[in-house]
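Letter by letter, the chains look like this.
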Amino acid sequence: SALRCEDVGEAVFPLREGSAICRDASHHFCYTNVRSPCWRDIWTRMQIRVNSNRVIRVTQVGSEEELKELEESKVWNFLFSFLKEKLNSTTIDVDLYSNKTCLKVDLLEPNTKYCIELARWFDPKLFLVFFLGLLLFFCGDMLSRSQLFFYSAGISIGLLASLLILIYVMSKVMPKKSPVYFLLIGGWSFSLYLLQLVFKNLREICKSHWQYLLGYLLLMGFVSFGVCYRYGPLENERSINLLSWALQLLGLALIYLGIQIRPIALALVVIAVCTKNMEYPLQWIYGIYKRAQSACLGPSPPRLLTEEEYRIQGEVETRKALEELRNYCRSPDFSAWTAVSRIQSPRRFAEFVGGGSHLTASEVSFHEQEYGLGGVFLEDQLFEEDEEED
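Remember, predicted model here, so these are calculated numbers, not experimental data.

A. Just the packing of helix H3 (residues 124-138) against helix H10 (residues 237-257), in detail. Running from N to C, H3 and H10 cross one another at 155°; their axes reach a closest spacing of 7 Å. Taken together, the axes of H3 and H10 lie roughly antiparallel to each other. Our pair here, H3 against H10, has a crossing hand that is left-handed. Residues Leu126, Val129, Phe130, Leu132, Gly133, Leu134, Leu136 and Phe137 of H3 pack against Leu247, Gln248, Leu250, Gly251, Leu252, Leu254, Ile255 and Leu257 of H10. Residue composition of the contact of H3 with H10, by class: 13 nonpolar, three polar and no charged.

B. Structural view of the pairing of strand S4 (residues 44-61). Here S4 runs beside strand S7 (residues 114-122); their pairing, made up of nine bridges, is antiparallel. Opposite Arg49, over in S7, you have Glu117 as the bridge partner. In this structure, S4 lies alongside strand S6 (residues 100-107), joined through six bridges in antiparallel fashion. Opposite Thr59, over in S6, you have Lys104 as the bridge partner.

C. Inspection of the pattern of salt bridges at higher detail. By the definition in use, this model includes 12 salt bridges. Of the charged contacts in the structure, one is a salt bridge between Glu17 and Arg120, with a shortest N-O distance of 2.7 Å. On the criterion of sequence distance, the pair formed by Glu17 in the loop between strand S1 (12-14) and strand S2 (20-23) and Arg120 in strand S7 is long-range, its members being 103 residues apart. For Glu17, a relative accessible area of 34% translates into the label partly exposed. A residue is classified by how much of its surface remains accessible, and Arg120, at 22% relative accessible area, is partly exposed. Note that Glu323 is salt-bridged to Arg326, the shortest N-O span being 3.6 Å. Taken as a pair, Glu323 and Arg326 lie in helix H13 (residues 307-330) at a separation of three residues, close to a single helical turn. Judged by relative accessible area, Glu323 falls into the partly exposed class, the value being 37%. The exposure class of Arg326 is buried, given its relative accessible area of 10%. Connected through shared salt-bridge partners, Arg45, Asp93 and Asp123 make up one network.

What counts and what doesn't
- Residues numbered from 1 in each chain as written.
- Predicted model: local features only at pLDDT ≥ 70, side-chain atom pairs only at ≥ 80, totals over all residues.
- Heavy atoms only, no water.
- Axes fitted to C-alpha atoms, helices over the stretch in contact; angles between N-to-C directions.
- Helix = DSSP H or I, 4+ residues; strand = E, 2+ residues; numbered from the N terminus.
- Parallel < 35°, antiparallel > 145°, perpendicular 65-115°, else oblique.
- Left-handed = near helix turned anticlockwise from the far one by under 90°.
- Contact = heavy atoms within 4.5 Å.
- Nonpolar A, V, L, I, M, F, W, Y, C, P; charged D, E, K, R; others polar.
- Pairing = 2+ DSSP bridges.
- Salt bridge = Lys/Arg side-chain N within 4 Å of Asp/Glu carboxyl O.
- Buried < 20%, exposed > 50% of the residue type's maximum accessible area, 1.4 Å probe, protein only.

The structure is reproduced here in structure tokens:
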């Protein structure tokens, strides 16, 4: 059902949520936001939709004062008429924090009727943007090293930026004094505007001109793949780090843009950063805790060795000391004649330096009798333990 203003002579018609206004003449419309956004609106979108039976021009402004200035500026209207799109259906996004949003509808043909409506709904696209931001932020390190991501991103960028590249090549080839060169001065912004029109009319293009669209995608896809294959994936560690940081920053931006409530978006960005780097604060906190505990309780007493650990450590250290002694005796700093004159068995010493054992057979046998199984020392130890138990 269409709502009409009671005062026909009013310059600006108010817009209300869920209500449609139908007109057949050029008018100004404004929406005044009286509702404060809450946490339920994190993925909520507000949009003004204008549908008509013929081509119209829709101009958006921020307030009624800007609307009046736009109406008075004839030169701006003339220039804006070449840049503003003329469509049968137009949508304008409304910021949840904006106090007032105004627009002007101009009829370009007689007997044109249009309807304007303000709607509020849950937008799954915002959730997808938020989810994509989380994916890029937490998986940026892995994606920067993936060959599949490298080729996919390269082909996608090539498909989107091909028009900009074409404008750049034309600006380089075109003579400086050519009249067409002046048309290329604003080529970048004009190319972006053309991309915007293509995305808004993508459904119609896919339905009516799918052959040209398929040919363009195949051609530019093969060219982009060839360029990516020519340079290959990133191998330098610094380049990989730069790509990883860029993906993480892009992910944070998408997380912020995917949430309509700005305080919640900022809080989620901070939480994501803290979660990504949680291990470093935990390590710092654990180190501070251990230092404070050591200062309060004092140094902990050293752990005593078991009999098996004591035996193994004695054998290891003995072998290590004997090997150091051999190396010293073989060095030029060692005085061999002085050592030979002081020892009782020079031949045994020479065998030891050459790699022989430092014990004789009789010494090994005596050690086994004293400390081996059935030895005198071992029997004395066992008898002492039995007496203590009695």
